[in-house]
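Below are the chains, spelled out letter by letter.
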Amino acid sequence: MEQFTGTVWILGDDIDTDIIIPTEYLALKTVDDMKPYAFSPLRPELAGLIKPGDMIVAGKNFGCGSSREQAPEIIKALGVSCVIAKSFARIFFRNAINNGLLLIENDQIQQAVQEGDRLTVHTNQYLEHEGKQYPIEALPDNLLDILNAGGLVKAMRRLNGLD
């Protein structure tokens, strides 16, 4: 997870968990059943356009609203490599890390990129777009261990010698 590049999808401020996955789809049996409805209140076509390795770039307060764990699970199931936003709701942030979804805070990149642009992430160092670097805060080692394992359960299984 040191360096990777992906195509950017842009969303705005205050993308809440009801936008990420509306309540009525939570009754579906699996995350794979739910993922076609991701972001449907805002952009019904978006889930079908996202390809593995793509990135979401958003504004402030991404993941606000209810603390449903399915929200980061569905983003990860779509193949999104990371979400970059000006800020994240705290419960969403931890749910995302626990599910192995990388979140990066940066308050400049949303204005610098356009949808469809390619963006390179140098984990714990900077974002790179068209030759310009945008510094990012480093995540603590314990959170990186969880992300690298693919989520908290996998990290704990590895730590306890179960895998």
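Everything below is about the structure shown above.
Residues numbered from 1 in each chain as written. Predicted model: local features only at pLDDT ≥ 70, side-chain atom pairs only at ≥ 80, totals over all residues. Heavy atoms only, no water.

*Asks:* Before we move on, can you summarise the pairing of strand S1 (residues 3-10) with the specific residues and values?
*Replies:* Inspection of the sheet shows S1 paired to strand S5 (residues 118-122) by five bridges, in the antiparallel sense. For Gly6, the partnering residue across the bridge sits in S5 and is Leu119. Pairing geometry for S1 and strand S2 (residues 55-58), over three bridges, is parallel. If you follow Val8 over to S2, its bridge partner there is Met55. (Pairing = 2+ DSSP bridges. Helix = DSSP H or I, 4+ residues; strand = E, 2+ residues; numbered from the N terminus.)

*Asks:* Account for the pattern of salt bridges, with residues named and values stated.
*Replies:* Taken as a whole and judged by the stated rule, the model has seven salt bridges. In this structure, Lys35 and Asp32 form a salt bridge, with 3.5 Å as the shortest nitrogen-oxygen distance. Take Asp32: its relative accessible area is 49%, and that puts it in the partly exposed class. Connected through salt bridges with shared partners, the residues Arg43, Glu45 and Glu115 form a single ionic network. (Salt bridge = Lys/Arg side-chain N within 4 Å of Asp/Glu carboxyl O. Buried < 20%, exposed > 50% of the residue type's maximum accessible area, 1.4 Å probe, protein only.)

*Asks:* If you had to explain the nonpolar core to someone new, which residues and values would you point to?
*Replies:* Most often, soluble globular proteins keep nonpolar side chains buried together rather than apart. Formed by 53 residues in total, the largest nonpolar core has its most connected members in Phe39, Phe62, Ile75, Ile84 and Phe92. Looking at this core element by element, the count peaks at five residues for helix H7 (residues 141-149). In this view, Phe92 contacts Thr17, Ile20, Phe62, Gly63, Ala71, Pro72, Ile75 and Leu103; residues no more than four positions away in its chain are not counted. (Core = buried A, V, L, I, M, F, W, Y, C linked by side-chain atoms within 4.5 Å. Contact = heavy atoms within 4.5 Å.)

*Asks:* Mind laying out the layout of surface pockets, listing which residues take part and the relevant values?
*Replies:* By volume, the largest pocket is sized at about 170 Å³. Every residue along the wall of the largest pocket is listed here: Arg90, Phe93, Leu102, Leu103, Ile104, Glu105, Thr123, Asn124, Ile136, Glu137, Ala138 and Leu139. Broken down by secondary-structure element, the contributors of at least two residues to the lining of the largest pocket are helix H5 (90-98) and strand S4 (102-105). For the lining of the largest pocket, the element with the highest residue contribution is S4, accounting for four residues. (1 Å grid on protein atoms, 1.4 Å probe; cavity = no way out; pocket = protein on both sides within 12 Å on 5 of 7 lines; lining within 4 Å. Points joined across faces, edges and corners; volume = space filled by probe spheres on them.)

Taken by themselves, the reported measurements are silent on function.
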